[in-house]
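An overview of the molecular structure
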Amino acid sequence: MNNGFNRRRRNAISGLAYLLCVLATIIALIPLMLILFYVIRQGAPAMNLDFLTQLPKPVGETGGGMGNAIVGSLMLIGIAAVIGLPLGVLAGTYLAEFRSPRLSWTVRLLADILSGVPSIIIGVFVYTLLVLTMKHFSALAGGVALAILMLPTVARTTEEMLRMVPDTLREASLALGISRWRTIVSIIIKTAGGGIMTGIMLALARIAGETAPLLFTALSSRTWPTGLDKPVASLPVQIYTYAISPYEDWHQQAWAGSLVLVIMVLLLSVGSKLYFGRKMRSVR
Amino acid sequence: MSFINNQRDKFRRAPLPARERLGDTLFRIIAFLAAATIVLIIALLVIQLFRGAIPSIREFGFGFLSSTEWDPVNDLYGAWPFIYGTLVSSLLALLFAVPLSLGIAIFLSQFAPGWLRAPLGFIVELLAAIPSVVYGLWGIFVLAPFLGETIEPFFSDHFGSIPIFAGPVYGVGLFSAAVVLAIMILPTISAISRESMLNVPRDLKEAAQALGATPWETVRMSVLPLARPGIIGAVILGLGRALGETMAVTMVIGNRPEVSASIFAPAYTIASVIANEFAEVTAGLHMAALIELALILLAITLLLNLLARLLVQQTGARAARGKDKRA
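An account of the accompanying structure is given in this report. Owing to the predicted nature of the structure, the values given are computational and were not obtained by experimental measurement.

Bringing the overall build of chain A into the picture now. Along chain A, the regular secondary structure elements total eleven helices and zero strands. In chain A, the order of α-helices and β-strands from amino to carboxyl end is α-α-α-α-α-α-α-α-α-α-α. At 24 Å, chain A has a C-alpha radius of gyration far larger than the 19 Å of a compact globule built from 284 residues. The principal-axis extents of the C-alpha atoms in chain A amount to approximately 70 × 70 × 35 Å. In chain A, of all internal contacts separated by at least 6 residues, the share reaching a separation of at least 24 is 74%. Here chain A has roughly 12,300 Å² of accessible surface; of this, 69% comes from carbon and sulfur atoms. Measuring between centres, the 24 positive side-chain charges of chain A sit 12 Å from its 12 negative side-chain charges.

Written as structure tokens, this is what we have:
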């Protein structure tokens with residue numbers, strides 16, 4: 001008797017495998033629900049206008065907020081975007097439009113590898129590069145660290161989106177006597193615009209939540225940001241400092257800060273996916 | 001590939017005005033420079049960290065890797081407790097995350113009804129969007145206390161005689177760090193494995209089905225073997241992320257540079273010690289030792305990523321070949 005041909009048993013095994021896979025998916029969703037649940041439950045009570053607009057109060061005084069950290073985070077993201085976006089989009093364009101096989105392969109591989117380098121190491125790198133030479137912690141150093149983190153993501157998504165543009169479009173444009181660079185800038189990149197924007201938003205969402213590379217580049221501050229060459233507070237670092245502090249009301253504020261951060265990140269990533277996803281579908 | 005992408009094409013294009021030709025050259029150079037920055041960053045990264053680590057490398061040599069002393073007061077530094085904590089927490093995380101991720105990937109690519117695949121995949125990927133400091137916050141105040149009161153006492157009470165489950169339990173420690181890490185790397189591993197499972201040519205699955213294979217047998221015999229390099233790549237990428245994850249781990253692992261057999265004991269990782277100590281040191285051997293730790297972590301993650309990318313590329317290439325053959 002060969003059990004391998006026992007249909008009923010094989011079907012049972014298959015059903016069991018199916019159930020286990022469903023179970024795995026459900027188990028994976030539990031932590032997501034729990035985290036969102038706790039962030040909302042613990043964060044919402046501490047959330048108010050003061051929290052969003054006020055400076056932190058000294059230890060022992062209640063009230064105050066993370067206004068400076070929110071502004072600081074926006075500032076850091078802004079610096080990172082100014083440096084990282086043009087570089088990333090151009091690098092992606094190079095990979096997709098000027099396909100010199102060997103160099104592109106190398107750059108692509110290195111971009112993928114760079115995106116796998118732990119963010120704390122990028123922090124150490126920028127520290128040795130900028131903080132040591134400028135002799136102080138600065139918003140600029142923090143922004144550069146974030147820019148390096150977003151560079152590979154932006155480059156690779158730009159490349160992938162440009163590759164999805166059909167070659168007939170390029171050929172048509174060139175046949176009309178339009179130069180290559182104008183073709184790329186005003187036809188190819190424009191066509192792939194929605195996809196590239198999604199990639200950019202996802203990259204921004206990722207760096208908005210980064211803490212480790214800011215710990216010793218942008219450092220932190222308890223005042224409003226004053227300049228590019230000064231330490232600056234950021235939402236993730238503030239959450240971290242408050243979370244590991246021994247004070248109960250700081251823990252409250254850490255939860256509220258997390259709520260703001262999670263909303264910010266989800267708006268950026270989910271919003272852009274939904275918005276641009278729909279737009280791209282309508283183009284097709 | 002179409003001819004327009006071939007730089008050495010023999011076609012005579014319509015002559016362009018000089019200004020436009022200049023524009024083409026300039027654009028090409030600028031784009032090239034942007035692409036070259038990526039190469040430059042990696043090169044600088046390695047050089048800078050190596051230079052920063054030199055004092056420590058000179059002082060301790062290879063002994064740095066095996067020494068368990070971490071004593072800033074007497075300027076004695078050894079990396080072993082951190083290497084140990086990093087490896088054990090990450091490998092434990094893989095142990096939890098890989099079976100779950102594969103289950104998800106198989107479900108989302110093979111079993112789930114069509115309408116459910118996109119939304120479910122999207123929700124699983126949301127796990128990757130949550131910032132690691134939020135994982136850490138949740139880890140300290142919710143997960144670690146929960147594990148410390150339920151699962152950890154259960155194991156240490158019933159299996160405490162086995163060294164890896166020995167008490168005392170604190171909640172914070174290797175085990176909690178591994179659980180948080182597992183949740184964090186789950187979307188990475190499941191998304192990439194799903195991708196390589198979707199790349200398996202359809203006719204191979206249909207061949208198995210035509211021979212009377214059950215759905216699971218189809219997966220086991222035609223999907224998994226072909227997707228294997230991609231899955232291994234995904235697991236390695238997940239490992240790379242776990243090794244380098246900083247904030248969440250720092251917040252729940254207990255930050256104690258000790259090597260203990262028990263998985264419930266507090267430990268320390270390379271990334272965590274850098275996060276905790278780097279901003280406070282100004283110079284000297286302490287900083288060099290921290291930078292050397294960063295260099296070790298960088299070396300490990302560079303190698304793992306290289307390996308993983310080559311493996312993932314391989315399944316992609318094989319799928320592309322399969323498609324060409326059918327066309």
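Alright, that's what it looks like, and here's the rest.
Residues and elements named next belong to chain B. Locating Ser176 in the fold gives a position in helix 7 (residues 174-198). Taking relative accessible area as the criterion, Ser176 reaches 1% and is therefore assigned buried. Not counting chain neighbours up to four residues away, the residues in contact with Ser176 comprise Leu143, Ala144, Leu147, Glu152, Gly171 and Val252.

All names here are of chain B. Relative to the helices and strands, Lys205 resides in helix 8 (residues 202-210). Note: C-alpha distance between Lys205 and Ser222 (17 residues apart in sequence) is 5.9 Å. What Lys205 contacts, discounting residues up to four positions off in sequence, is Gln110, Thr218, Ser222 and Val223. Within polar-contact distance, the side chain of Lys205 engages the side chain of Gln110 at 3.1 Å.

This part takes up the interface of chain B and chain A. Chain B puts 85 residues into the contact, and the matching count from chain A is 87 residues. Approximately 7,900 Å² of surface area, both sides summed, lies buried where chain B meets chain A, with 78% of it carried by carbon and sulfur atoms. Where chain B touches chain A, the interface holds two salt bridges. Across the salt bridge formed by Arg10 of chain A and Glu217 of chain B, the nearest N and O atoms sit 2.7 Å from each other. The class makeup of the residues in the side of chain B that touches chain A is 60 nonpolar, 17 polar and eight charged.

Bringing the pattern of salt bridges into the picture now. Enumeration over the complete set of coordinates arrives at 15 salt bridges over all chains. Here Arg156 of chain A and Glu159 of chain A are joined by a salt bridge, their closest N and O atoms 2.7 Å apart. Of this pair, Arg156 of chain A and Glu159 of chain A both sit in helix 6 (residues 139-164), three residues apart, which is roughly one turn of that helix. Each member of the pair, Arg156 of chain A as well as Glu159 of chain A, is classed as buried. Glu258 of chain B is the partner of Arg256 of chain B in a salt bridge, and the nearest nitrogen-oxygen pair spans 3.9 Å. Linked through salt bridges whose partners overlap, the residues forming this network are Arg108, Asp112, Arg156, Glu159, Glu160 and Arg163 of chain A.

Cut-offs applied
- Residues numbered from 1 in each chain as written.
- Chains lettered and ligands numbered in written order.
- Predicted model: local features only at pLDDT ≥ 70, side-chain atom pairs only at ≥ 80, totals over all residues.
- Heavy atoms only, no water.
- Helix = DSSP H or I, 4+ residues; strand = E, 2+ residues; numbered from the N terminus.
- Rg over C-alpha atoms; globule rule 2.2 N^0.38 Å.
- Contact = heavy atoms within 4.5 Å.
- Areas by Shrake-Rupley, 256 points an atom, 1.4 Å probe, with all protein chains shown as cover.
- Lys, Arg positive; Asp, Glu negative; His and termini not counted.
- Charge placed at Lys NZ, Arg CZ, Asp CG, Glu CD.
- Buried < 20%, exposed > 50% of the residue type's maximum accessible area, 1.4 Å probe, protein only.
- Polar contact = N/O pair within 3.5 Å; in protein donor to acceptor, adjacent residues only side chain to side chain.
- Buried area = accessible area lost by both parts, 1.4 Å probe.
- Salt bridge = Lys/Arg side-chain N within 4 Å of Asp/Glu carboxyl O.
- Nonpolar A, V, L, I, M, F, W, Y, C, P; charged D, E, K, R; others polar.

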